Number of protein chains: 2
Amino acid sequence: MKVLIPFDGRNPKTRLSNTLTLEERREFSNAMLRDVLDAIPSESLDVEVVTTEPFDLELPVETTKSSEPLTSVVNEYIDSTVPIAIVMADLPLLQTEQIDRLLEPSADVVLAPGVGGGTNALVVRDDSFSVDYHGVSVRDHQRIARNRGLSTTKIDSFRLALDVDEPADLVEVLLHSSGSASDWLESNGFVIAKPGGRPTVARKTD
Amino acid sequence: MKVLIPFDGRNPKTRLSNTLTLEERREFSNAMLRDVLDAIPSESLDVEVVTTEPFDLELPVETTKSSEPLTSVVNEYIDSTVPIAIVMADLPLLQTEQIDRLLEPSADVVLAPGVGGGTNALVVRDDSFSVDYHGVSVRDHQRIARNRGLSTTKIDSFRLALDVDEPADLVEVLLHSSGSASDWLESNGFVIAKPGGRPTVARKTD
């Protein structure tokens, strides 16, 4: 099956701007992408990264550049290639087990909700489906599928739900991953802080 | 197996104080507890709620009152009753499927991490284990188990990970539940709002 990974290498993770510089956000996003690629078995799946341009990272999988918005890019792929899985690039807790769980159900549309109502991964088996990543997309995707008479199912996984958007999300990376993104955070001085309330990260300065 | 559900009926969910009054936080907490009880098959499991006093809710399961702190209460139960499952009362996305997944592994200690590093549910099969709910407890619980030579495993479930602490967590209840807590929010005017960034809830005033 084709597995498409959309990736923004230009100005990624703007909601981390108070925590990381642009250059650091790029490095950290590249590390998360490596974690996602490490989780997807490329022997059995046809993995393709579609990136914003310019893009100069060397990747071990097919890489396509596009200047189209995310929703348009993904809908073009769905029109030409089903079944297809679309997996976001900012899921640093992902492991092969979650990819297996994502590909297991036979529903027309398999959704992996993100924290906050995004769609972190989906499998589309019918080209009458289309995505719309604006707004609370997991709700919209269920509605779109229902309107077109397509069956849906949702995957219950925290590792799939955790896309990194905000500083508090970095806590989960430090807690539950030992991959590239976690290594990057540790190398750059991040530790878990618990000031009372939900934990966040702090940065050690030497 | 004994399933213990610790419940704070006095001053629950203080981090929702800007969103809900004390009376509303109590009502909403009761609704979440009903959802948790609905998810746990009481025919096959020995369910017990241990509550702060005073407590005047009528529950369909054994109810015990205690004025001890959470950690002490749970450790007393572990000392006298293993195997035991401890499930938090503020998990409104919980369904029977997640209880099945929690009870399936045979590890000495099975952990269900919460968003932010809490321990939303655990199964303890060896009474040399003890809990410590202060701090980033899922990390501490793994360390405690390791120090005592006990095997551990983690359950990867967003429905188990989502304990309601902050207003943004209410979004997940509206999106992914049709139980008592979700009903309560809808009856009290809550809708999903997306001001840009991660969605939150807004309250309609008539």
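So, a few notes on the structure that sits alongside this text. (Residues numbered from 1 in each chain as written. Chains lettered and ligands numbered in written order. Predicted model: local features only at pLDDT ≥ 70, side-chain atom pairs only at ≥ 80, totals over all residues. Heavy atoms only, no water.)

## Side note on the overall build of chain A
The number of helices and strands found in chain A is seven helices and nine strands. What you see for chain A is a C-alpha radius of gyration of 17 Å, in line with the 17 Å of a compact globule of 206 residues. By principal-axis analysis of the C-alpha atoms, chain A measures approximately 55 × 40 × 30 Å. Counting every position in chain A, which comprises 206 residues, the buried fraction comes to 57%. (Helix = DSSP H or I, 4+ residues; strand = E, 2+ residues; numbered from the N terminus. Rg over C-alpha atoms; globule rule 2.2 N^0.38 Å. Buried < 20%, exposed > 50% of the residue type's maximum accessible area, 1.4 Å probe, protein only.)

## With respect to the relation of the copies chain B and chain A
Copies of the same chain, two in number, are related to each other by a rotation about an axis and a translation along it. Rotating chain B by 180° and moving it 0.0 Å along the rotation axis overlays it on chain A with an RMSD of 0.0 Å. The transformation just described matches what one would write down for a two-fold rotation axis. The residues that chain B uses at the interface reappear at the interface of chain A in 100% of cases, marking a shared surface. (Least-squares fit on C-alpha atoms with pLDDT ≥ 70 in both. Contact = heavy atoms within 4.5 Å.)

## Remarks on the packing of helix H6 (residues 167–176) of chain A against helix H7 (residues 180–187) of chain A
Residue and element names in this part refer to chain A. Interhelical geometry of H6 versus H7 gives an angle of 105° and a closest axis separation of 9 Å. Relative to H7, H6 is oriented roughly perpendicular. Residues Leu170, Val173 and Leu174 of H6 form the contact with H7, whose own contacting residues are Ala181, Ser182, Leu185 and Glu186. For the contact of H6 with H7, the class distribution of residues is five nonpolar, one polar and one charged. (Axes fitted to C-alpha atoms, helices over the stretch in contact; angles between N-to-C directions. Parallel < 35°, antiparallel > 145°, perpendicular 65-115°, else oblique. Nonpolar A, V, L, I, M, F, W, Y, C, P; charged D, E, K, R; others polar.)

## Some words on helix H1 (residues 22–39) of chain A
One full turn of an α-helix is made of 3.6 residues, so residues set three or four places apart face in the same direction. Taking 1.5 Å per residue, 18 residues should reach 26 Å; H1(A) reaches 26 Å between its end C-alpha atoms and fits that length. A:Glu24, A:Arg25, A:Phe28, A:Ser29, A:Asn30, A:Ala31, A:Met32, A:Leu33, A:Asp35, A:Val36, A:Leu37 and A:Ala39 are the residues of H1(A) that are buried. (Expected span 1.5 Å × (residues − 1).)

## Overview of the sheet that holds strand S2 (residues 46–51) of chain B
Residue and element names in this part refer to chain B. In space, the seven strands of this open sheet follow the order S3-S2-S1-S4-S6-S5-S7, with mixed pairing throughout. Bordering the open sheet on either side are strand S3 (62–65) and strand S7 (152–154), each of which pairs with just one other strand. Within this sheet the neighbouring strands show an average axis-to-axis angle of 20°, counted without direction. Sheet topology places strand S1 (residues 2–7) next to S2; six bridges connect them, and they run parallel. Bridging from a neighbouring strand, Val3 pairs with Val47 of S2. (Pairing = 2+ DSSP bridges.)

## What about the side chain of B:Ser182?
All names here are of chain B. Considering the arrangement of structural elements, one finds Ser182 in helix H7 (residues 180–187). A distance of 3.1 Å separates a polar side-chain atom of Ser182 from the backbone oxygen of Ser177. Setting aside its immediate chain neighbours within four residues, Ser182 contacts Val173, Leu174 and Ser177. (Polar contact = N/O pair within 3.5 Å; in protein donor to acceptor, adjacent residues only side chain to side chain.)

## A few points about the pairing of strand S8 (residues 190–193) of chain A
All names here are of chain A. Burial of the side chains of S8 is restricted to one face: Phe190 and Ile192 are buried, whereas none of Val191 and Ala193 on the reverse face is. Pairing between S8 and strand S9 (residues 200–203): four bridges, direction antiparallel. Within S9, the position partnered with Ile192 by the bridge is Val201.

## Thoughts on the interface of chain B and chain A
Every contact between the two is made by 30 residues of chain B and, on the other side, 30 residues of chain A. Summed over both sides, the interface between chain B and chain A buries roughly 2500 Å², with carbon and sulfur atoms accounting for 54% of that surface. It is B:Asp156, B:Phe158 and B:Arg198 in chain B that bury the most area against chain A; as a group they hold 29% of the surface buried on that side. Across the pair A:Arg101 and B:Asp156 runs a salt bridge, and its minimum N-O distance is 3.4 Å. Counting the contacts that link chain B with chain A gives 14 residue pairs in polar contact (both at pLDDT 80 or more). (Buried area = accessible area lost by both parts, 1.4 Å probe. Salt bridge = Lys/Arg side-chain N within 4 Å of Asp/Glu carboxyl O.)

## Some details on the sheet that holds strand S6 (residues 119–124) of chain A
All names here are of chain A. A sheet is described by the order of its strands in space; here seven strands give the open sequence S3-S2-S1-S4-S6-S5-S7, paired in mixed fashion. Every interior strand has two partners, whereas the edge strands, strand S3 (62–65) and strand S7 (152–154), have only one. Mean inter-strand twist for the sheet, computed between neighbouring axes without regard to direction, equals 20°. Relative to S3, strand S2 (residues 46–51) runs parallel, the two sharing four bridges. Residue pairing for S3: Thr51 is matched across the bridge by Lys65. In this fold helix H3 (residues 96–103) packs onto strand S4 (84–87), strand S5 (109–113) and S6, with an angle of close to 45° to the strand it touches most, S6.

## A look at the packing of aromatic side chains
Residue and element names in this part refer to chain A. Scanning the model with the defined rule gives two aromatic pairs over all chains in all. On the basis of an interplanar angle of 50° and a centroid distance of 5.6 Å, the ring pair of Phe28 and Trp184 is categorised as tilted. Separated by 156 residues along the polypeptide, Phe28 in helix H1 and Trp184 in helix H7 bring together distant segments of the chain. Comparing Phe28 with Trp184, the two get one shared label, buried. (Phe/Tyr/Trp six-rings, centres within 6.5 Å; stacked < 30°, edge-to-face > 60°.)

## A short note on the environment of B:Glu53
All names here are of chain B. In this structure, Glu53 sits in the loop between S2 and S3. Considered as a pair, Glu53 and Arg10 are 43 residues apart in the sequence and their alpha carbons are 7.3 Å apart. Not counting the four nearest positions on each side in its chain, Glu53 is found in contact with Arg10, Lys65, Ser66 and Ser67.

## Re unusual backbone geometry
Residues and elements named next belong to chain A. The omega angle of the peptide bond from Val82 to Pro83 is -5°, so this bond is cis rather than trans. Along the chain, the position of Pro83 falls in the loop between helix H2 (70–80) and S4. Backbone geometry at Lys13 places phi at a positive 55°, although glycine is not the residue there. By relative accessible area, Lys13 is classed as buried at 16%.

## A closer look at the pairing of S6(A)
Residue and element names in this part refer to chain A. For S6, the buried fraction is high: six of the six residues fall into the buried class. Judged from the four bridges that link them, S4 and S6 form a sheet pairing that is antiparallel. Residue pairing across strands places Val87 opposite Ala121, the latter belonging to S6. Note that S5 and S6 share five bridges and pair antiparallel. Bridge pairing links Val109 to Val124 in S6. In sequence, S5 turns back onto S6 through a hairpin of five residues, with Gly116 there showing a positive phi of about 90°.

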